[in-house]
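Summary of structural features
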Amino acid sequence: MFDLHQFTADCRAALAADRSHKLVREVVARAVADPGPVLEGLGEPKRAGLHKLYHSLELTILNVVWGPLMTVRPHNHQMWAVIGLYTGREDNVFWRRIPGDPQGKVEAAGARALSTRDAEPLGRDIIHSVTNPLPRLTGALHVYGGDFFAAERSEWNPEFLLEGRFDVARAVREFEEAN
């Protein structure tokens, strides 16, 4: 069975050995390679939400459960991340800043669909939006190389793609509203 305490210890040890995402990605990839034990250990997702599993200044581990057909606006993290899916799918659209735009506008620059058993890193400067394209919940382990809740971050208005300050409370509300 998936042991959250061991997973956390393994992520912390990986981070201590290499401050980048590389070794943490290996830990996450091992965990989601066989999603059954993760589902047993964390429980079958019942509600959309950002479920905090571990949190420190150097490392945050979340169980992110996306609501059916849920989409979150473009945002950045200001730290690397590793996403490992244990059920469902995440469709990520990657965005880049338009050079010289005074309002910080972004444009689409690529996409990647993540499915169960995938473990993918996101670089420190990545801007992405996420959609769960399925009519059911999607569950993923998200590991961040820093304090996910304290970082100064940006989000982009979904209609005009203009930059603003990331609103954690609004993001949490959107997950709750997806229920």
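Residue positions are counted from 1 within each chain, in the order its sequence is given. Reporting of local features is limited, given that this is a predicted model, to residues whose pLDDT is at least 70; pairs of side-chain atoms are given and counted only at 80 or more, and all residues count toward the totals for whole chains, interfaces and linings. Hydrogens and waters are ignored; side-chain quantities use all the structure's heavy atoms.

Remarks on the overall build of the chain
Of regular secondary structure, the chain possesses four helices and eleven strands. For the radius of gyration, the atoms used are the C-alpha atoms, and the globule rule reads 2.2 Å times the number of residues raised to 0.38. For 179 residues, the compact-globule estimate of 2.2 N^0.38 gives 16 Å, and the C-alpha radius of gyration of the chain, at 16 Å, lies within 12% of that figure. Taking the principal axes of its C-alpha atoms as reference, the chain extends roughly 50 × 40 × 25 Å. Taken across its 179 residues, the chain has 43% of its residues classed as buried. Counting from the N terminus, the helices are the DSSP runs of H or I reaching at least four residues and the strands are the DSSP runs of E reaching at least two. Only protein chains enter the accessibility calculation, which uses a 1.4 Å probe. A residue is then buried if its area is under 20% of the maximum for its type, exposed if over 50%, and partly exposed in between.

Some words on the environment of Ile126
For Ile126, the position within the fold is in the loop between β7 (119-122) and β8 (127-131). Along the sequence, Ile126 and Glu40 sit 86 residues apart, while their C-alpha atoms lie 32 Å from each other. Not counting residues up to four positions away in its chain, the partners in contact with Ile126 are His75, Asn76, His77 and Phe94. Throughout, a residue-residue contact means that at least one pair of heavy atoms, one from each residue, lies within 4.5 Å.

Here we look at the pairing of strand β1 (residues 49-55)
Here, any two strands with at least 2 DSSP bridges between them count as paired. One ladder, built from six bridges, connects β1 with strand β2 (residues 60-66); its direction is antiparallel. Residue pairing across strands places Gly49 opposite Val65, the latter belonging to β2. Two successive antiparallel strands, β1 and β2, enclose a turn made up of four residues.

Notes on the sheet that holds β2
Spatial strand order, β1-β2-β9-β4-β7: five strands in an open sheet with antiparallel pairing. Looking at strand neighbours, the two that pair on one side only are β1 and β7, the edges of this open sheet. Each neighbouring strand pair of the sheet contributes to a mean axis angle of 20 degrees, computed without reference to strand direction. As paired elements, β2 and strand β9 (residues 138-144) share seven bridges and run antiparallel to each other. Note on geometry: axes are C-alpha line fits, over the in-contact stretch for helices, and angles between N-to-C directions span 0 to 180 degrees.

A short note on the side chain of His77
Tracing the backbone through its elements, the reader meets His77 in the loop between β3 (71-76) and β4 (81-87). Side-chain polar atoms of His77 contact the side chain of His75, separated by 3.3 Å. Sequence-distant contacts of His77, that is, excluding residues within four places in its chain, are made with Leu122, Ile126, His128, Tyr144, Phe148, Ala151 and Arg153. Here a polar contact is recorded for every N or O atom pair within 3.5 Å, except that within protein the pair must consist of a potential hydrogen donor and a potential acceptor, and residues adjacent in sequence are included only if both atoms are side-chain atoms.

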